[in-house]
Amino acid sequence: MHGPGDLRVEEVDEPAGEVLVTIHAATTCATDLKALRHGHVMLGPYPSRFGHETAGVREDTGERVLVGDSVACGACVQCADGRRQLCEAMTWVVGGFAERIAAPPAALHVVPAGLDCDGAAMAEPLAAAVHAVARAQPRAGVDAAVLGGGTMGLMLARLLVLEGCEVTLADRHPERRAQAIAFGARAAEQLGRHELVLEAVGRPAAWRAAIAAAAPGATVVLVGGCPAGCAVSLPAAPLHYAELDVRGAFHHQPAEVDRALELLAIGAVDWRALAGDRIGLDELAEALVRPSAGEARKLIVDPRM
Ligand SMILES: [Zn+2]
Ligand SMILES: [Zn+2]
């Protein structure tokens, strides 16, 4: 990536790093589109390697691995307090949209037997969903809502169903509502009022809608990140008089990545229901910006194509 909106396929030097991984699958997500349009904290100086949901084969051992997109320093205050997702000196590992990636061993997670690399790559976003659900602290039987039926919203809905919640996912696209129902949730065009609300859109209006859908005393988890520099105004009354518990959720920890791999491997989260077209690197720049029709699905980039 040479800058916002400028993505090219080029021959570059071999990536430098401790372990080389031949990439078999790198999935796309809304973060990639946001990063392509506006830049992103995880991208280095331009030109930057790009792509952060990556699975492939270690060149040294032949093991199949998910290449985690970050390694926490282990030494800062946040790391010492067990919040590695908030590490103040994070090393980002990006470059999934390439034939090879170099990664520190600490970024690598062994892919369980029986899980394709296509599915394993989705363990990165699923780990973020696992983390967000941990932030939500759902109780079984709670009336939970997810706002937004993109792939992240669908993953959140599925995890809440697995937690035993009564889940409603709201999205204006009927195709995405059907996907939510297939994941065991109910679906609606708009939310009512709920005891637990997870926002998975990443726009100021959606943050406000999540607050509006929160019953008194509810917990609201903001999972979708608004673009950097964005300011959001929220109504004061429910935050105070309804004692809303509003929390952010960002990124994940290594154990959450392993949990996500396990959930995918045992079929608890059906990654095929979220998998879209399989494309080569040359098609990526155009495919990323193509308006998505209907269902929420992730492109699978296979650089060997
Ligand atoms: Zn992603
Ligand atoms: Zn740290």
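It should be emphasised that the depicted structure is a prediction, and the values quoted were computed from it without experimental measurement.

A. Layout of the overall build of the protein chain. When its secondary structure is counted, the protein chain shows ten helices and 15 strands. Computed over C-alpha atoms, the radius of gyration of the protein chain comes to 19 Å, within 12% of the 19 Å expected from 2.2 N^0.38 for 305 residues, which places it in the range of a compact globule. Here the protein chain holds 305 residues, and the buried ones make up 52% of them. Within the protein chain, residue pairs in contact and separated by at least 24 positions form 70% of the contacts whose partners lie at least 6 positions apart.

B. Broad picture of the coordination of the zinc ion (ligand 1). Around the zinc ion (ligand 1), the protein contributes the donor atoms Cys 29 (SG), His 52 (NE2) and Glu 53 (OE), at 2.0 to 2.2 Å from the metal centre. Donor residues for the zinc ion (ligand 1), ordered by position in the chain, follow C-x22-H-E. One end of the pair, Cys 29, is in the loop between β1 (19-27) and α1 (30-38); the other, His 52, is in the loop between α1 and β2 (54-58), and 23 residues separate them in sequence. Among the residues examined, Cys 29 registers a relative accessible area of 15% and is labelled buried. For His 52, a relative accessible area of 4% translates into the label buried.

C. Highlighting the nonpolar core. Residues Leu 126, Leu 156, Leu 159, Leu 160 and Leu 198 are the most contacted members of the largest nonpolar core, which totals 50 residues. Of all the elements in the fold, those that place two or more residues in this core are α3 (117-121), α4 (123-136), β8 (143-147), α5 (151-162), β9 (166-170), β11 (194-199) and α9 (254-265). Not counting the four nearest positions on each side in its chain, Leu 159 is found in contact with Leu 126, Ala 129, Val 130, Val 133, Leu 263 and Val 269. Residues Met 1, Ala 26, Val 93 and Ile 279 belong to the second largest nonpolar core, which totals 26 residues.

D. A look at the environment of Thr 27. Inspection of the secondary structure puts Thr 27 in strand β1. For Thr 27, a relative accessible area of 0% puts it in the buried group. A sequence separation of 38 residues divides Thr 27 from Val 65, and the C-alpha atoms of the two residues are 14 Å apart. Those residues within four positions of Thr 27 in sequence are excluded, and the remaining contacts are Asp 32, Glu 53, Phe 97, Asp 118, Ala 121, Met 122, Lys 298, Leu 299 and Ile 300. At 2.7 Å, the side chain of Thr 27 forms a polar contact with the side chain of Glu 53.

E. Here's a closer look at the coordination of the zinc ion (ligand 2). Only Cys 73 (SG), Cys 76 (SG), Cys 79 (SG) and Cys 87 (SG) from the protein coordinate the zinc ion (ligand 2), and they sit 2.3 to 2.4 Å from it. Classification of the site at the zinc ion (ligand 2) as tetrahedral follows from its four donor atoms and the range of 101 to 119 degrees in their angles at the metal. Here the donor residues of the zinc ion (ligand 2) share one chain and are spaced in sequence as C-x2-C-x2-C-x7-C. For Cys 73, a relative accessible area of 35% gives the class partly exposed.

F. The pattern of salt bridges, seen in detail. A complete count under the given rule lists 16 salt bridges for this structure. The partner of Glu 10 in a salt bridge is Arg 8, and the shortest N-O contact between them spans 3.8 Å. Among the residues examined, Arg 8 registers a relative accessible area of 44% and is labelled partly exposed. Notably, a salt bridge pairs Arg 83 with Asp 81, separated by 3.3 Å at the nearest N-O pair. Taking the relative accessible area as the measure of exposure, Arg 83 reaches 33% and is therefore partly exposed. Here Asp 81 falls in the partly exposed class, since its relative accessible area comes to 49%. Each of Asp 118, Arg 278, Asp 302 and Arg 304 takes part in one network of salt bridges that share partners.

G. Representation of the pairing of strand β14 (residues 275-279). Relative to strand β15 (residues 298-301), β14 is paired through three bridges, and the arrangement is parallel. Following the sheet pairing, Ala 275 is matched in β15 by Lys 298. Following the backbone out of β14, through helix α10 (residues 281-289) and into the adjacent parallel β15, one traces a crossover that is right-handed.

H. Structural view of the packing of aromatic side chains. For the structure shown, the criterion picks out one aromatic pair. A centroid spacing of 5.5 Å and a plane angle of 70 degrees characterise the contact between Phe 50 and Phe 97, whose relative ring orientation is edge-to-face. One end of the pair, Phe 50, is in the loop between α1 and β2; the other, Phe 97, is in the loop between β5 (91-92) and β6 (100-103), with 47 residues separating them in the sequence. Here the two residues Phe 50 and Phe 97 agree in accessibility, since each one is buried.

Cut-offs used in this document
Residues numbered from 1 in each chain as written. Chains lettered and ligands numbered in written order. Predicted model: local features only at pLDDT ≥ 70, side-chain atom pairs only at ≥ 80, totals over all residues. Heavy atoms only, no water. Helix = DSSP H or I, 4+ residues; strand = E, 2+ residues; numbered from the N terminus. Rg over C-alpha atoms; globule rule 2.2 N^0.38 Å. Buried < 20%, exposed > 50% of the residue type's maximum accessible area, 1.4 Å probe, protein only. Contact = heavy atoms within 4.5 Å. Donors = N, O, S within 2.8 Å, 3.2 Å for Na, K, Ca; no water. Core = buried A, V, L, I, M, F, W, Y, C linked by side-chain atoms within 4.5 Å. Polar contact = N/O pair within 3.5 Å; in protein donor to acceptor, adjacent residues only side chain to side chain. Tetrahedral: all angles 85-135°; square planar, octahedral: opposite > 155°, others 65-115°. Salt bridge = Lys/Arg side-chain N within 4 Å of Asp/Glu carboxyl O. Pairing = 2+ DSSP bridges. Right-handed = clockwise from strand over helix to strand, strands pointing away. Phe/Tyr/Trp six-rings, centres within 6.5 Å; stacked < 30°, edge-to-face > 60°.

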